[in-house]
Amino acid sequence: MKEIILMICCAALLLACGNKITSKRMPASQRVITENKAQGNITDHPDYNTGIQLVRQSDCFTCHKISEAFVAPSFTEVANKYRSYSDSIVRHLAGRVITGGSGVWGILPMTPHADLSKDDAAAMIRYILLLKQ
Ligand code: HEC
């Protein structure tokens with residue numbers, strides 16, 4: 001009897017997880033930008049896929065949209081502001097994502113992401129900076 005209950009529980013859990021994955025539709029606001037004026041198709045860029053996956057796995061899209069301003073500046077706006085793809089900019093912005101805070105774009109603060117590694121934060125930034133238009 002115990003085994004049967006356990007099996008039913010496992011099946012229910014599997015079903016729940018499966019549903020979560022299939023129902024995870026991407027809202028229009030997160031529609032992927034695949035091109036920019038300077039570089040053409042950016043999906044071929046080695047930093048693109050790694051970065052977008054990490055951004056999707058984290059909470060970034062609760063406040064940021066890719067190309068429209070929302071609670072926070074859009075990722076395209078951020079890319080347009082910094083333009084550069086230099087290591088120092090990547091490190092600076094990765095540090096800002098980890099520590100959070102406000103003052104650059106307005107009074108609303110970004111929550112800290114203290115458990116994010118520097119490498120993962122930098123990979124996210126490299127993807128964001130590709131979005132400049
Ligand atoms: C709770 C809302 C929120 C979440 C979640 C969030 N951000 Fe932000 N983010 C903001 C706000 C607000 C700003 C503007 C802060 C400012 O004015 O200094 C910002 C600014 C930024 C900037 C620009 C920083 C600068 O110095 O110009 C980057 C890059 C960024 N966020 C990336 C991310 C990434 C990557 C994630 C996910 C790991 C993320 N954000 C999650 C709200 C958020």
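Reading the values: the criteria
- Residues numbered from 1 in each chain as written.
- Predicted model: local features only at pLDDT ≥ 70, side-chain atom pairs only at ≥ 80, totals over all residues.
- Heavy atoms only, no water.
- Helix = DSSP H or I, 4+ residues; strand = E, 2+ residues; numbered from the N terminus.
- Contact = heavy atoms within 4.5 Å.
- Areas by Shrake-Rupley, 256 points an atom, 1.4 Å probe, with all protein chains shown as cover.
- Near = heavy atom within 4 Å.
- Polar contact = N/O pair within 3.5 Å; in protein donor to acceptor, adjacent residues only side chain to side chain.
- Donors = N, O, S within 2.8 Å, 3.2 Å for Na, K, Ca; no water.
- Buried < 20%, exposed > 50% of the residue type's maximum accessible area, 1.4 Å probe, protein only.
- Core = buried A, V, L, I, M, F, W, Y, C linked by side-chain atoms within 4.5 Å.
- Expected span 1.5 Å × (residues − 1).
- Salt bridge = Lys/Arg side-chain N within 4 Å of Asp/Glu carboxyl O.

Chemist: Quick one: what's the story with the overall build of the protein, residue by residue and with numbers?
Modeler: Helix and strand counts for the protein stand at five helices and two strands. When the helices and strands of the protein are placed in sequence order, the string is α-β-β-α-α-α-α. Contacts in the protein between residues far apart in sequence, at least 24 positions, make up 55% of those at least 6 positions apart. Counting only carbon and sulfur atoms, one obtains 60% of the accessible surface of the protein, whose full area is about 8,900 Å².

Chemist: Break down the site of the ligand for me, citing the residues and quoting the values.
Modeler: Residues in contact with the ligand amount to 28 residues; listed here are only the nearest, Cys-60, Cys-63, His-64, Tyr-82 and Met-110. Arg-96 places a polar side-chain atom, nitrogen or oxygen, 2.8 Å from an oxygen atom of the ligand. Measuring from an oxygen atom of the ligand, one finds a backbone N or O atom of Gly-103 at 3.3 Å. Those elements that provide at least two residues to the shell around the ligand are helix H3 (75-82), helix H4 (87-99) and helix H5 (118-129).

Chemist: Give a description of the coordination of the iron atom of the ligand that names residues and reports values.
Modeler: Listed as protein donors to the iron atom of the ligand are His-64 (NE2) and Met-110 (SD); their distances from the metal cover 2.0 to 2.2 Å. Of the residues examined, His-64 reaches a relative accessible area of 11% and is grouped as buried.

Chemist: Give a detailed account of the nonpolar core, specifying residues and quantitative values.
Modeler: Val-55, Phe-75, Leu-93, Ile-125, Tyr-127, Leu-129 and Leu-131 are the most contacted members of the largest nonpolar core, which has 30 residues in total. Secondary-structure elements contributing two or more residues to this core are helix H2 (46-57), H3, H4 and H5. For this core, the leading source of residues is H5, giving eight residues. If near-sequence neighbours (up to four positions away) are discounted, Tyr-127 is found in contact with Asp-47, Tyr-48, Gly-51, Ile-52, Val-55 and Ile-66.

Chemist: Account for H5, naming residues and giving values.
Modeler: Compared with an ideal rise of 1.5 Å per residue, which puts twelve residues at 16 Å, H5 spans 16 Å between its outermost C-alpha atoms and is within 8% of the ideal. Listed as buried for H5 are Ala-121, Ala-122, Ala-123, Met-124, Ile-125, Tyr-127, Ile-128 and Leu-129. If you follow the buried residues of H5, they end up packed against H2, H3 and H4.

Chemist: An account of the pattern of salt bridges is requested, with residue identities and associated values reported.
Modeler: One pass over the full model with this rule turns up one salt bridge. One salt bridge connects Lys-65 with Glu-68, and the closest N-O pair in it is separated by 3.7 Å. Exposure remark for Lys-65: the relative accessible area of 18% places this residue in the buried category.

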